[in-house]
Amino acid sequence: DLVLIRPYLFSVCWFFVSVPLIAALYKSLPAEVIYQELSQVALLILILFILNSMASTVYKFAPAEMYGIKSGILYGNLYAAAFNTLPFAIFLVLNRGINEKKMLYLGVGMVAFFVVMLSLRRTVMSLSALAILINLMTMLTRQKVKVLLVALAVLGAIGYFIYNETDFM
């Protein structure tokens, strides 16, 4: 029955088409161009995720509610595996924001991180935190230990404030 297996068939076909396509792209384009394009796409993904979360929360749209949550931050039609690309997008966006000192990338990455932390998806939360930690560790030299500690302190203070001052607790 083709109607029954159509979504799975298309997913498998896209996977097998994308593998040689990705290899051909890496051969034909320099790494800097691929990195820029990937980070721009990751930024767009995070912006769409934030806008979707905001609109879903305002209009109380959650047809696929997670954990029985019907109020607070809602995620629209996103459910389970739809969140799995977000840690990679957060990693790329924060990496470019840190390396090129772009405040837009840093701001979107941090807002997306906090929205992900409110999703209660444990794997996505831990991978997103790991993405931030790896990006912070790339900055780590003897001279920059203070910057890392200040950033972690600010991040902890913001998290503590959100936890105590909102209904999330």
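What counts, and at which threshold
- Residues numbered from 1 in each chain as written.
- Predicted model: local features only at pLDDT ≥ 70, side-chain atom pairs only at ≥ 80, totals over all residues.
- Heavy atoms only, no water.
- Phe/Tyr/Trp six-rings, centres within 6.5 Å; stacked < 30°, edge-to-face > 60°.
- Helix = DSSP H or I, 4+ residues; strand = E, 2+ residues; numbered from the N terminus.
- Patch = residues over 30% accessible without salt bridge, like charges linked within 9 Å, V, L, I, M, F, W, Y side chains within 5 Å.
- Areas by Shrake-Rupley, 256 points an atom, 1.4 Å probe, with all protein chains shown as cover.
- Salt bridge = Lys/Arg side-chain N within 4 Å of Asp/Glu carboxyl O.
- Buried < 20%, exposed > 50% of the residue type's maximum accessible area, 1.4 Å probe, protein only.
- Polar contact = N/O pair within 3.5 Å; in protein donor to acceptor, adjacent residues only side chain to side chain.
- Contact = heavy atoms within 4.5 Å.
- Core = buried A, V, L, I, M, F, W, Y, C linked by side-chain atoms within 4.5 Å.
- Expected span 1.5 Å × (residues − 1).
- Axes fitted to C-alpha atoms, helices over the stretch in contact; angles between N-to-C directions.
- Parallel < 35°, antiparallel > 145°, perpendicular 65-115°, else oblique.
- Left-handed = near helix turned anticlockwise from the far one by under 90°.
- Nonpolar A, V, L, I, M, F, W, Y, C, P; charged D, E, K, R; others polar.

A.B. asks: Looking at this structure, I do not really get the packing of aromatic side chains. What am I missing?
C.D. replies: Given two aromatic rings, one states the distance between the centres and the angle between the planes to describe the pair. Within this structure, the stated rule accounts for three aromatic pairs. For the pair Phe 49 and Phe 83, a centre-to-centre distance of 6.1 Å together with 85° between the ring planes defines the contact as edge-to-face. Of this pair, Phe 49 sits in helix H2 (residues 31–58) while Phe 83 sits in the loop between H2 and helix H3 (86–100), placing them 34 residues apart in sequence.

A.B. asks: Got a minute to help me understand a nonpolar patch on the surface in this structure?
C.D. replies: Judged by side-chain polarity, Leu 127, Leu 130, Leu 133, Ile 134, Met 137, Leu 140, Val 145, Leu 149 and Leu 152 come together as a nonpolar surface patch covering roughly 750 Å² of accessible area. When contributions to the nonpolar patch are tallied by element, the ones reaching two or more residues are helix H5 (122–138) and helix H6 (145–165). A per-element tally of the nonpolar patch places H5 first, with five residues. Topologically, Leu 152 is positioned in helix H6. Its relative accessible area of 34% is what places Leu 152 among the partly exposed residues.

A.B. asks: Would you mind showing me how to read the side chain of Arg 96 here?
C.D. replies: Following the sequence through the fold, Arg 96 ends up in helix H3. Within polar-contact distance, the side chain of Arg 96 engages the side chain of Ser 39 at 3.0 Å. Discounting chain neighbours no more than four positions away, the residues touching Arg 96 are Tyr 35, Gln 36, Ser 39, Gln 40, Lys 101, Lys 102 and Tyr 105.

A.B. asks: Before we go on, may I ask you to explain the nonpolar core in this structure?
C.D. replies: One recurring pattern in soluble globular proteins: nonpolar side chains tend to sit buried together. Leu 46, Phe 49, Ile 90 and Ile 132 are the most contacted members of the largest nonpolar core, which totals 26 residues. Contributions of two or more residues to this core are made by H2, H3, helix H4 (103–117), H5 and H6. The element contributing the most residues to this core is H4, with seven residues. Apart from residues lying up to four places away in sequence, Ile 90 is in contact with Leu 46, Gly 109, Ala 112, Phe 113, Val 116, Ser 128 and Ile 132.

A.B. asks: Whenever I open this one, H3 confuses me. Can you help?
C.D. replies: A turn of α-helix holds 3.6 residues, and therefore any two residues three or four places apart point the same way. Between its first and last C-alpha atoms H3 spans 21 Å; for 15 residues at 1.5 Å apiece the expected length is 21 Å, and the two agree. Taken residue by residue, H3 has Leu 86, Pro 87, Ala 89, Ile 90, Val 93, Leu 94, Asn 95, Arg 96, Gly 97 and Ile 98 as its buried positions. Summarising the contacts, the buried residues of H3 are in contact with H2, H4 and H5. Looking at the residues trailing H3, positive phi occurs at Lys 101, about 50°.

A.B. asks: Honestly, unusual backbone geometry in this entry has me stumped. Any pointers?
C.D. replies: A negative phi holds for most residues other than glycine; trans holds for most peptide bonds. If you check the backbone angles, Lys 101 has positive phi at about 50° while not being a glycine. With respect to the helices and strands, Lys 101 occurs in the loop between H3 and H4.

A.B. asks: When you look at the environment of Gly 72 in this model, what are you seeing that I'm missing?
C.D. replies: Relative to the helices and strands, Gly 72 is located in the loop between H2 and H3. Between the C-alpha atom of Gly 72 and that of Leu 118, which follows or precedes it by 46 residues, the distance is 9.3 Å.

A.B. asks: Mind showing me how you'd approach the pattern of salt bridges here?
C.D. replies: A pair can form between side chains of opposite charge whenever their charged atoms are brought close. Scanning the entire structure with this criterion turns up two salt bridges. Two residues, Arg 96 and Glu 100, come together in a salt bridge whose shortest N-O distance is 3.1 Å. Placement of both Arg 96 and Glu 100 in helix H3 is noted, with a separation of four residues, approximately one turn of the helix. What you see here is one network of salt bridges that share partners, running through Arg 96, Glu 100 and Lys 102.

A.B. asks: Can you walk me through the packing of H2 against H4 in this structure?
C.D. replies: Packed helices, taken two at a time, are described by their axes: the angle between them and the distance between them. Relative to each other, H2 and H4 sit at 45°, their axes nearing to 10 Å. Here H2 is positioned oblique relative to H4, judged by the angle of their axes. When you trace H2 past H4, the crossing you get is left-handed. Contacts between H2 and H4 pair Ser 39, Gln 40, Leu 43, Leu 46, Ile 47, Phe 49, Ile 50 and Ser 53 from the former with Leu 104, Tyr 105, Val 108, Gly 109, Val 111, Ala 112, Val 115 and Val 116 from the latter. Its residues assigned to classes, the contact of H2 with H4 comprises twelve nonpolar, four polar and no charged.

These values are about where atoms sit, not about what they do.
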